[in-house]
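# Chain and residue survey
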Number of protein chains: 2
Amino acid sequence: MSEPKKLILNLFEMNCVGHITHGLWRLPGNHRREYTDIDYWTTLARLAEKGGFDAIFIADVLGAYDVYQGSPAPALREGLQIPNNDPMLVVPAMAAVTEHVGFGITFSTSYEPPFAFARRMSTLDHLTKGRVGWNVVTSYLPNAARNFGLDAEIPKSVRYEIADEFLEVVYKLWEGSWEDDAVLADPTGAGGAGVYTDPAKVHPIDHVGTHFKVAGPHLSEPSLQRTPVLYLATASKDGIERAGRHAEVVFTGGGALGPTAEATRAVAVDAGRDASDVRFVVQAGVITAPTEEEVAAKLALYRSFASEQGKLIHRSIPIDAFEHPRSRTVGEALEAEGKSGDPAAASLPLGLTVGELIDAVDEAWGGRFFVAGTPENVADEIERWLDDEGVDGINLRQYHSFDTLTDFVDLVVPELRRRGRLRDAYRDGETLRERVTSGGARLPESHPAASYRR
Amino acid sequence: MSEPKKLILNLFEMNCVGHITHGLWRLPGNHRREYTDIDYWTTLARLAEKGGFDAIFIADVLGAYDVYQGSPAPALREGLQIPNNDPMLVVPAMAAVTEHVGFGITFSTSYEPPFAFARRMSTLDHLTKGRVGWNVVTSYLPNAARNFGLDAEIPKSVRYEIADEFLEVVYKLWEGSWEDDAVLADPTGAGGAGVYTDPAKVHPIDHVGTHFKVAGPHLSEPSLQRTPVLYLATASKDGIERAGRHAEVVFTGGGALGPTAEATRAVAVDAGRDASDVRFVVQAGVITAPTEEEVAAKLALYRSFASEQGKLIHRSIPIDAFEHPRSRTVGEALEAEGKSGDPAAASLPLGLTVGELIDAVDEAWGGRFFVAGTPENVADEIERWLDDEGVDGINLRQYHSFDTLTDFVDLVVPELRRRGRLRDAYRDGETLRERVTSGGARLPESHPAASYRR
């Protein structure tokens, strides 16, 4: 009998007070208000490492949510992803107090120059000894575009085109600019003058494309992983295309994984990769306690702090949903507000009633990858996700920081280990890529980035 | 009798193997080759804090030095500022293991968007509890321009124009976007719904200028200092103009401080600031040991590892100086190499001989702010810099990491304290600005950034 499939275990985070469980920063004892404090992050990282987490996966946005009610005011009131701080800068602090846990960092390809980003990620890969991943996103908030010199959001197709070229540039810098043996660090070479780097093994990239022009060479010497572990989210057809070609780990929301995974793996295989080179991690909610009664009490307490409005703000719903009768359709509500042509309306389910929209929109409290139960119930459900839903791992949503994490570490982790679903310990010196893929520290030869190697 | 002037004490660093004492990475026991390791930085920060340093001042470049011999090869061989890593990302690691020492971070206004930078610095000011400063630079390497989409360096006048607007944008974000009492973090306000931020107190900046267009609001809530302590380097007339208006600390090279300081303070006063609002920190070299004999031995050892060529690479000297007779003038050498029209030749002293150029170009081993001596000699000299040269502080150059620092901490710091030239201890909770200026945690009202406050 083959070994049971093991879980990739990530903690889902964001450098802000209100990430994804809207309203819950108000829970007594919740430390989320301390997100500006370095101790919040070092405590979190130590806990995650204690529990054997693979990585802390840090989301990000570059603007305020201002579609709902046509203003950032609701998001500000709720502390919903604003204020927020930079996701990358908490990583070195966490790395300084840990040895194993990895870090998935969200960075958008739409607004900042690839050359500076490539050096930042190389720096982090050095400082963490190969523990970083990059969540490649293209940003979706109209306000973000306006913060970076544009009048409106870049159309999705152009964002994706920019993303493709951005990836090409950073692959060239990470994989193609410095050969493995470029750095000699030889204090007595060249007749005593010393040679730090052999210049013959460092190459400019001379990239000239549609959106970027970058000479190089890369400024950083090669780090353990060179290219960080590549996370991509899929949703649209274009997203699946890109994920199939580039992603090592695909991160998805709450829907059924089957069709997305199948489509993504088909793209991967077409591109010459192995179907198993792409892993699927879903955002998941786990509320647990030793007994059913305690679980019910905890769930009730948490839910009592949930913000109904938060989910509408977060989903950029252009209608003021609570102002309409629940039986009205979304299409009628849009018309009543004179917003049928609003760009934010394009992705709305027009036939649903407003009541259904309000009830359906939030996955924090239900859906396919949510479980509230005893550690045994939770482990059963996670095993089902692994075996029946095609899931390779989870990004654990936090309801309460740090209780969600400590509950999982103290109660669920031992149960998953008993069942052989989670490795028993970290391996010393292992990079994040070695831990979450079947390959080595570097991308496999079949990955498109490898084509830029010399 | 008034108290003697106290020294602002910074450690000069860069995230690379070879910063400014060229060739000395080869010194036995020098830890510079470990710059990619997080432990290098945490060790360094702890030592600096043990010695009561005000800040670790981290230089940066965004390209390779490739003027000397028309190629990056000499810089690569020497490990001269390439490879290098990002300066900002080592700060959170150092902050995680210290409580007091500050961090001066070099960042160029020429190539990256102000909106993202503003959030990064706010994030650092939060994580460090007000311990960060920004060394405002415009970059000078032609290769840097080519790494960011340009064909050649932006002309200095345009770089300065961009810098002025960049400062305006980040001032608006840091000082004008969030009012002091915007964040309520009130879990029960608004009839139980809770209010994190009062939206009426958060403002877009709606900046529309020549080089930047930024909507805002700033994403980060106010940090202790809001605007980081502002360091600027002066050299040219334009540099003095800008430093006089914006700088809280001016960082200069090796020349006489008098005329520069006078000119900068005159600009400051014209701009409505106080002459004492601008402090002057010089790059300084200190080699010390308990006895004269040990000092001489250490100096001789260090010098024996110095690279003659390094200084020519670093200064972007376009002539291959060692290939010419020492008696030839620089002008003649340029002509012999057919480089009289080379842009890099513009700032060269054409009448000097090549021999004089080679001997004069390096300040690491001499010049106005260099001393090799016993702790008493060093303290005497530093007192002279403070009292007679108009200096307010030093950026201590490292010859050997960590010996330069530990020598200074163990031998010179106690002597300076005995003489009342260095404060005896840090004050708990003090921001970097409170420590190095006479004001509070925030910029004074007379500073141009204050005009964007509400």
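Cut-off values and rules
Residues numbered from 1 in each chain as written. Chains lettered and ligands numbered in written order. Predicted model: local features only at pLDDT ≥ 70, side-chain atom pairs only at ≥ 80, totals over all residues. Heavy atoms only, no water. Axes fitted to C-alpha atoms, helices over the stretch in contact; angles between N-to-C directions. Helix = DSSP H or I, 4+ residues; strand = E, 2+ residues; numbered from the N terminus. Parallel < 35°, antiparallel > 145°, perpendicular 65-115°, else oblique. Left-handed = near helix turned anticlockwise from the far one by under 90°. Contact = heavy atoms within 4.5 Å. Nonpolar A, V, L, I, M, F, W, Y, C, P; charged D, E, K, R; others polar. Buried area = accessible area lost by both parts, 1.4 Å probe. Salt bridge = Lys/Arg side-chain N within 4 Å of Asp/Glu carboxyl O. pLDDT = per-residue confidence, 0-100. Buried < 20%, exposed > 50% of the residue type's maximum accessible area, 1.4 Å probe, protein only. Least-squares fit on C-alpha atoms with pLDDT ≥ 70 in both. Pairing = 2+ DSSP bridges. Expected span 1.5 Å × (residues − 1). Arc of directions from axis to C-beta. Phe/Tyr/Trp six-rings, centres within 6.5 Å; stacked < 30°, edge-to-face > 60°. Lys NZ or Arg CZ within 6 Å of the ring centre and 35° of its normal.

## What about the packing of helix 4 (residues 114-127) of chain B against helix 6 (residues 156-176) of chain B?
All names here are of chain B. Packing of helix 4 against helix 6 leaves a shortest axis separation of 10 Å and a crossing angle of 50°. For the element pair helix 4 / helix 6, the angle class is oblique. In this structure, the crossing between helix 4 and helix 6 has a hand that is right-handed. Between helix 4, through P114, F115, F117, A118, M121 and S122, and helix 6, the contact on the second element is made entirely by F166, V169, V170, L173 and W174.

## Some thoughts on the packing of helix 1 (residues 38-50) of chain B against helix 14 (residues 403-418) of chain B
Helices that pack against each other are described as a pair by the angle of their axes relative to one another and the distance between those axes. All names here are of chain B. At their nearest, the axes of helix 1 and helix 14 sit 9 Å apart, and the two run at 20° to each other. If you check the angle between helix 1 and helix 14, you find them roughly parallel. Once helix 1 is placed against helix 14, the crossing between them reads as left-handed. Where helix 1 abuts helix 14, its residues L44, L47, A48 and K50 lie against L405, T406, V409 and D410. Of the residues in the contact of helix 1 with helix 14, the class split is 5 nonpolar, 1 polar and 2 charged.

## Quick word on the interface of chain B and chain A
Across the contact, 74 residues belong to chain B and 74 residues belong to chain A. A buried area of about 6100 Å², summed over both sides, lies between chain B and chain A, and 61% of it is on carbon and sulfur atoms. For chain B, the biggest contributors to the area lost against chain A are L89(B), R119(B) and Y196(B); these three give 12% of the whole. Inspection of the region where chain B meets chain A yields 12 salt bridges. In this structure, the salt-bridge partner of D86(B) is R120(A), at a minimum N-O distance of 3.5 Å.

## Points about the confidence of the model for chain A
For chain A, the average pLDDT comes to 95, and 99% of its residues sit at 70 or higher. Scoring of the predicted complex yields 0.97 for pTM and 0.97 for ipTM.

## So, helix 7 (residues 237-246) of chain B
Helical geometry note: an α-helix holds 3.6 residues per turn, so side chains three or four residues apart project in the same direction. Regarding helix 7 of chain B, the residues found buried are G239(B), I240(B), R242(B), A243(B), G244(B) and H246(B). Packed against the buried residues of helix 7 of chain B are strand 4 (132-137), helix 6, strand 9 (229-233), strand 10 (249-252) and helix 8 (258-270) of chain B.

## Topic: the relation of the copies chain B and chain A
Note on the copies: chain B fits chain A at an RMSD of 0.0 Å, the axial shift is 0.0 Å, and the rotation between them is 180°. Such a combination of rotation and displacement between the chain copies is what one expects of a two-fold axis. The rotation axis passes nearest to the C-alpha of A93(B) in chain B, at a distance of 2.2 Å. A shared interface surface links the copies, since 100% of the contact residues of chain B are contact residues in chain A too.

## Quick notes on the pairing of strand 13 (residues 393-396) of chain A
Residues and elements named next belong to chain A. By the alternation rule, side chains of strand 13 split into G393 and N395 and I394 and L396, which are all buried. Examined bridge by bridge, strand 1 (residues 8-14) and strand 13 share 4 bridges and lie parallel to one another. Bridge pairing in strand 13 places I8 opposite G393. The pairing of strand 11 (residues 279-288) with strand 13 spans 4 bridges and is classified as parallel.

## A word on the pattern of salt bridges
Per the stated rule, a full pass over the model turns up 76 salt bridges over all chains. A salt bridge links E175(A) to R453(A), with the shortest nitrogen-to-oxygen separation between them at 2.8 Å. Of this pair, E175(A) sits in helix 6 (residues 156-176) while R453(A) sits in the segment after helix 15 (432-436); the two residues are 278 residues apart in sequence, bridging distant segments of the chain. A relative accessible area of 3% means that E175(A) is categorised as buried. Here D392(B) makes a salt bridge to R265(B), at a shortest N to O gap of 3.5 Å. Of this pair, D392(B) sits in the loop between helix 13 (375-388) and strand 13 (393-396) while R265(B) sits in helix 8, placing them 127 residues apart in sequence. Overall, the relative accessible area of 12% leaves D392(B) in the buried class. Bridged by salt links that share partners, the residues D380(A), E383(A), D387(A), E415(A), R418(A), R419(A) and R421(A) form one connected network.

## Overview of helix 8 of chain B
All names here are of chain B. Under the 1.5 Å per step criterion, the end-to-end length of helix 8 is 18 Å for 13 residues, consistent within 8% with the ideal 18 Å. Taken together, the buried positions of helix 8 are occupied by A261, T264, V267 and A268. The buried residues of helix 8 all sit within an arc of 130° when viewed along its axis, so they share a single face. In this structure, helix 8 carries P259, E262 and D270 as exposed residues pointing more than 90 degrees from its buried face. Buried-residue contacts for helix 8 involve helix 7, strand 10 and strand 11 (279-288). Looking one or two residues beyond helix 8, the residue adopting positive phi is G272, at roughly 90°.

## Remarks on the pairing of strand 11 of chain A
All names here are of chain A. In terms of burial, strand 11 is a largely internal element, 10 of the 10 residues being buried. The alternating pattern of strand 11 places R279, V281, Q283, G285 and I287 on one face and F280, V282, A284, V286 and T288 on the opposite face, and all of these are buried. Where strand 10 (residues 249-252) meets strand 11, 4 bridges bridge the pair, whose relative direction is parallel. Among the inter-strand pairings, F251 is bridged to a residue of strand 11, identified as V281.

## Points about the packing of aromatic side chains
Residue and element names in this part refer to chain A. Applying the stated criterion to the full structure yields 46 aromatic pairs over all chains. Geometrically, the ring pair formed by F12 and F251 is edge-to-face, given 5.2 Å between the ring centres and 70° between the ring planes. Of this pair, F12 sits in strand 1 while F251 sits in strand 10, and the two are 239 residues apart along the sequence. On the basis of relative accessible area, F12 is assigned to the buried category, the value being 5%. Three or more aromatic residues link up through ring pairs in this structure, and these residues are F107, F117, W134, F166, W174 and F212. One residue, R242, lies across the ring of Y160, its end atom 4.5 Å from the ring centre.

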